[in-house]
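# An overview of the molecular structure
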Amino acid sequence: EPLFLETASSLCNRKLAVCDPVSLSKTAWALTSIPNRDRRLDLYSKLAVPVVLRADSFPLGSLTMISYSFGKADFREGDAYEALSSALTGHMDDQLRPIDVCNVIWSFCTVGFRDDVLFSKMLGQIAEHFWIFSLSFSIIFRVNKSFKHAAMLMLLQYFVPYLSK
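Residues numbered from 1 in each chain as written. Predicted model: local features only at pLDDT ≥ 70, side-chain atom pairs only at ≥ 80, totals over all residues. Heavy atoms only, no water.

## Overview of unusual backbone geometry
Unlike most non-glycine residues, Asp-74 shows phi in positive territory, near 65 degrees. By the element assignment, Asp-74 lies in the loop between helix 4 (60-72) and helix 5 (78-90). The exposure class of Asp-74 is partly exposed, given its relative accessible area of 21%. (Helix = DSSP H or I, 4+ residues; strand = E, 2+ residues; numbered from the N terminus. Buried < 20%, exposed > 50% of the residue type's maximum accessible area, 1.4 Å probe, protein only.)

## Remarks on the environment of Arg-114
Tracing the backbone shows Arg-114 in the loop between helix 6 (98-111) and helix 7 (116-128). Look at Arg-114 and you get partly exposed, because its relative accessible area is 42%. In this structure, the C-alpha to C-alpha distance between Arg-114 and Tyr-81, residues 33 residues apart in sequence, is 9.3 Å. Among the polar contacts made by the side chain of Arg-114, one reaches the side chain of Asp-116 at a distance of 2.7 Å. (Polar contact = N/O pair within 3.5 Å; in protein donor to acceptor, adjacent residues only side chain to side chain.)

## A few points about the packing of aromatic side chains
The geometry of an aromatic ring pair is captured by the separation of the ring centres together with the interplanar angle, meaning the angle of the planes. Counted by the stated rule, this structure contains 10 aromatic pairs. On the numbers, 5.6 Å between centres and 80 degrees between planes, the contact of Tyr-44 with Phe-70 is edge-to-face. Taken together, the positions of Tyr-44 in helix 3 (residues 37-54) and Phe-70 in helix 4 put the pair 26 residues apart, joining distant regions of the chain. Overall, the relative accessible area of 0% leaves Tyr-44 in the buried class. Note on Phe-70: relative accessible area 0%, which makes it buried. Ring centres of Phe-70 and Tyr-81 lie 6.0 Å apart, and the angle between their planes is 65 degrees; this geometry places the pair in the edge-to-face category. In this pair, Phe-70 is assigned in helix 4 and Tyr-81 in helix 5, connecting sequence segments 11 residues apart. For the pair Phe-70 and Tyr-81, one class covers both residues: buried. (Phe/Tyr/Trp six-rings, centres within 6.5 Å; stacked < 30°, edge-to-face > 60°.)

## Points about helix 6
For helix 6, with 14 residues, the first-to-last C-alpha span of 20 Å sits near the 20 Å given by 1.5 Å per residue. Buried residues dominate helix 6, accounting for 12 of its 14 residues. All of the buried residues along helix 6 are Pro-98, Asp-100, Val-101, Cys-102, Asn-103, Val-104, Ile-105, Trp-106, Ser-107, Phe-108, Cys-109 and Val-111. Just past helix 6, the residue Gly-112 takes up positive phi, approximately 80 degrees. (Expected span 1.5 Å × (residues − 1).)

Laid out in structure tokens, this is it:
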């Protein structure tokens, strides 16, 4: 663990500006395993800088992985979520996989960052491809029971109001 922390710290202090989006998303994922909350959040603050500056150029997979990692790490910097939200909104023409929708919404809801534009576009994708999403959601929920409860809470909290509009 000390070697991992030293390597992560070195990477976050010097090399993030030249990392490609896939490497940044893998780094974000790896940092979720740091048990010390203050140390983890300090490293995420450094990782968020290139995300904020370059998120619009990231591929969809990197954006969804970074979103999930930020939520899992309880990283709550609004600038990072605004950059992710803007970049994700730009990718709404791409086909989002159901797991991507779940991961993004879960992460945003976990940290309390609400983006009505992004969420309504995601709702549009769910409505447009309802059968694909409903089958995928049922598989995801069977595999991960805790995710099922979080997703149901998210649906009630954020998406039900959109349905009544």
